[in-house]
Amino acid sequence: MKIETRAVHAGRHIDPATGAVTPPIHLSTTFERGPTGEYPLGYSYSRENNPNRRALEECLADLEGGKEALAFSSGLAVVTAVVQGLQPGDHILAPDDAYYGLRRVVGGVFERWPVEASYVDITDLDAVAAALRPNTRLIWVETPSNPLLRIADLAALARLARAAGPHVMTICDGTFATPVLQRPLEVGIDLVTHSTTKYIGGHSDVIGGALITRHPNYLFERARLAQTYGGAVPSPFDCWLTLRGIGTLPYRVHAQSENAMRVARFLQRHPAVEVVHYPGLEEHPGHRIAARQMSAFGGMLSFQVRGGVETAMGAVARCRLFTRATSLGGAHSLVEHRASVEGPGSKTPQNLIRLSIGLEHPDDLIEDLNQALAG
Ligand SMILES: Cc1ncc(COP(=O)(O)O)c(C=O)c1O
């Protein structure tokens, strides 16, 4: 079945008690045991499992083409759970332009663990191969990356990790692409993570994260412990909202990709714009790989204005339809001066503006950017 159909049906069951088509929200924290101590319906306590979480996990595993999925309380709770699965002294190879929260978890939360980390240009396969160490256990990939929209070659990285030995696993943060546009597990990546806060939830009203695995492995099992024993769980309502959002995911993401392409082409021609980072543009250095591994190019783009921080901040300040806010993947288009969101130590260029393209009409979005860039 096609992904549009699975997005509507996977994980959904008619409620046997009432016939409800939309699933009820199971707020009960505890579930009745049978007379001999068993749990006849498979649920005991909501941190361990919950019908809404199970439905969401079934759906996520199905959409991603994975063996199993785990839903977490946030995207960064997934990052924490995965890194926690490594031994102290293990080494992670990660992109030098990864979502800044990854560095904060590795360097901050795990400061006293510690794990070793090298940040490399993950689009450069020779640099990745050269950075491998005997204690490398995980190659972290994020494609397209946040906020520079760089494209990593998933199939090549999976091959490189396999050649390094079975102790080197790969994980792809596919938040920008969603399972609708990109299928990392099908090209040999071991694990996929998403901040479901973004496109998967899709309405900027629920924080969540997901981890999906291609095969049984120790990192996934340890993440399960962080979820069920450690308690990094989403609430039943969070799961319900996220699953509700998924029904429209393929159509939203395709509309957002079309809108983003229109906006990218407009920005590319604008005299106030130095460079546009959007993998759908032929000039983008990762375009060829993106065209092979993605079915469309997504709703995220960033661009650099001619000038410095003040010029960029000025353009952001003049936006009327785009909302000045962080995050991405919802119906509203959002604009942000990314370096100031990331704070001190950010490597993001000071003249970079990041856009999350929503579901408004692209003509209106272009008109807004046109007046904002006019100064
Ligand atoms: C690519 C990417 N991964 C992970 C995260 C973290 O997700 P959350 O905010 O749900 O913890 C974000 C958040 O912006 C992100 O953009």
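Residues numbered from 1 in each chain as written. Predicted model: local features only at pLDDT ≥ 70, side-chain atom pairs only at ≥ 80, totals over all residues. Heavy atoms only, no water.

A.B. asks: Hey, could you run me through the nonpolar core in this one?
C.D. replies: Soluble globular proteins: nonpolar side chains tend toward being buried together. With 62 residues, the main nonpolar core has Leu-267, Leu-301, Phe-303 and Leu-355 as its most contacted residues. A per-element tally of this core places helix 10 (residues 249-269) first, with 8 residues. Ignoring sequence-local partners within four residues, the contact set of Phe-303 consists of Leu-267, Val-273, Val-275, Val-276, His-277, Asn-351, Leu-352, Ile-353, Leu-355 and Leu-373. Counting residues in hydrophobic clusters, the runner-up holds 28 residues, among them Ala-81, Trp-140, Phe-220 and Ala-232. (Core = buried A, V, L, I, M, F, W, Y, C linked by side-chain atoms within 4.5 Å. Buried < 20%, exposed > 50% of the residue type's maximum accessible area, 1.4 Å probe, protein only. Helix = DSSP H or I, 4+ residues; strand = E, 2+ residues; numbered from the N terminus. Contact = heavy atoms within 4.5 Å.)

A.B. asks: Help me understand the packing of aromatic side chains in this model?
C.D. replies: The description of an aromatic ring pair rests on the distance of the ring centres and on the angle between the ring planes. This model, assessed by the stated rule, comprises 4 aromatic pairs. For the pair Tyr-99 and Tyr-100, a centre-to-centre distance of 5.3 Å together with 80° between the ring planes defines the contact as edge-to-face. Looking at Tyr-100, the relative accessible area reads 18%, which means it is buried. Here Phe-110 and Trp-113 contribute two aromatic rings whose centre-to-centre distance is 5.2 Å and whose plane-to-plane angle is 80°, an arrangement assigned as edge-to-face. Take Trp-113: its relative accessible area is 33%, and that puts it in the partly exposed class. The ring of Tyr-119 carries the charged tip of Arg-103 above its face, separated from the ring centre by 3.9 Å. (Phe/Tyr/Trp six-rings, centres within 6.5 Å; stacked < 30°, edge-to-face > 60°. Lys NZ or Arg CZ within 6 Å of the ring centre and 35° of its normal.)

A.B. asks: Would you mind showing me how to read the side chain of His-287 here?
C.D. replies: Its place among the elements puts His-287 in helix 11 (residues 287-293). Of note is the side chain of His-287, whose polar atom sits 2.8 Å from the backbone oxygen of Pro-279. Excluding residues within four positions of it along the chain, His-287 makes contact with Pro-279, Gly-280, Leu-281, Glu-282 and Phe-297. (Polar contact = N/O pair within 3.5 Å; in protein donor to acceptor, adjacent residues only side chain to side chain.)

A.B. asks: Any chance you could explain the pattern of salt bridges here in plain terms?
C.D. replies: Between side chains of opposite charge, a pair can form as their charged atoms come close. A full pass over the atoms with the stated rule returns 17 salt bridges. A salt bridge links Asp-190 to Arg-214; the nearest nitrogen and oxygen atoms lie 3.0 Å apart. Separated by 24 residues along the polypeptide, Asp-190 in the loop between helix 7 (178-181) and strand 6 (191-195) and Arg-214 in the loop between strand 7 (209-213) and helix 8 (218-228) bring together distant segments of the chain. Glu-221 serves as the salt-bridge partner of Arg-224, at 2.9 Å between the closest nitrogen and oxygen. Of the two residues, Arg-224 and Glu-221 are both situated in helix 8; the distance of 3 residues between them amounts to about one turn of the helix. You can call Arg-224 partly exposed: its relative accessible area is 22%. Residue classification places Glu-221 among the partly exposed residues on the basis of a relative accessible area of 35%. Within the structure, one salt-bridge network assembled from shared partners comprises Asp-96, Asp-97, Asp-121 and Arg-150. (Salt bridge = Lys/Arg side-chain N within 4 Å of Asp/Glu carboxyl O.)

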